[in-house]
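The residues making up each chain are set out below.
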Amino acid sequence: ELSSNDDGEECQRQLMWAAYVDPRYKGVNGIEEYQFYDLETREWDDSACLASGKKHRCVRMDCHEPNTHFKLVGVFKETDGMYDFTEQLF
């Protein structure tokens, strides 16, 4: 319950995140195989696909879309929030 008084008790933060897998990914071109959605321009950005200058697979990273080919691996909750989450990313 939220209150306006400062009683010194801290709220525990939690972070929820989802992991997806692309079953069509071959592991060859890494990040260069994906377009990202740019929230500012509201368009798909393929600049990562063009980084090496080579033509290869370049698909939208649209795991949130209903008709995507990405598969949900799981939804996770981290108790320590950003500490645990970012520790696994980097």
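No experiment lies behind these values; they were computed from the predicted model shown. (Residues numbered from 1 in each chain as written. Predicted model: local features only at pLDDT ≥ 70, side-chain atom pairs only at ≥ 80, totals over all residues. Heavy atoms only, no water.)

**Description of the overall build of the protein**
The test is simple: Only runs of H or I of at least four residues qualify as helices and only runs of E of at least two qualify as strands under DSSP, and these elements are numbered from the N terminus. With a 1.4 Å probe rolled over the protein chains alone, any residue whose accessible area is under 20% of its type maximum counts as buried; one over 50% counts as exposed, and the rest are partly exposed. In this analysis, two residues are considered to be in contact whenever any of their non-hydrogen atoms come within 4.5 Å of each other.
Looking only at helices and strands, the protein features one helix and five strands. Secondary structure elements in the protein, listed N-terminal to C-terminal, are β-β-β-β-β-α. The burial tally for the protein puts 20% of its 90 residues in the buried class. Taking the intrachain contacts of the protein between residues at least 6 apart in sequence as the baseline, contacts between residues at least 24 apart amount to 59%.

**Notes on the pattern of salt bridges**
Using the following cut-off: Salt bridges, as used here, are contacts in which a Lys or Arg side-chain nitrogen is within 4 Å of a carboxyl oxygen on Asp or Glu.
What the rule picks out here adds up to two salt bridges. For Arg57, the salt bridge is made with Asp22, and the minimal N-O distance between the two is 2.7 Å. One end of the pair, Arg57, is in the loop between β3 (43–45) and β4 (59–60); the other, Asp22, is in the loop between β1 (15–21) and β2 (34–38), with 35 residues separating them in the sequence. Assessed through its relative accessible area of 24%, Arg57 is described here as partly exposed. Residue Asp22 is classed as buried on the basis of its relative accessible area, which comes to 9%. One salt bridge connects Glu33 with Arg57, and the closest N-O pair in it is separated by 2.7 Å. With Glu33 in the loop between β1 and β2 and Arg57 in the loop between β3 and β4, this pair connects stretches of sequence that are 24 residues apart.

**A few points about the packing of aromatic side chains**
Where we set the bar: The rule is short: rings of Phe, Tyr and Trp, with Trp giving its six-membered ring, pair when the centres are within 6.5 Å, and they are stacked under 30 degrees, edge-to-face over 60, tilted in between.
One pass over the structure, following the stated rule, counts four aromatic pairs. Between Tyr25 and Tyr34, the aromatic rings sit 6.2 Å apart at their centres with planes inclined by 35°, giving tilted as the arrangement. Under the relative-accessibility criterion, Tyr34 is labelled buried at 7%. Pairwise contacts between aromatic rings join Tyr25, Tyr34 and Phe70 into one cluster.

**A closer look at unusual backbone geometry**
At Arg42, a position not held by glycine, the phi torsion is positive, near 60°. Along the polypeptide, Arg42 turns up in the loop between β2 and β3. Take Arg42: its relative accessible area is 66%, and that puts it in the exposed class.

**Topic: the state of the cysteines**
Test applied: Two cysteine sulfur atoms make up a disulfide if the distance between them is within 2.5 Å.
Counted by the stated rule, this structure contains one disulfide. One disulfide in the model links Cys49 with Cys58; its S-S distance is 2.0 Å. Torsion about the S-S bond of the Cys49 and Cys58 cystine: about 85°, corresponding to right-handed handedness. A relative accessible area of 26% means that Cys58 is categorised as partly exposed.

Function cannot be inferred from these measures alone, as they are strictly geometric.
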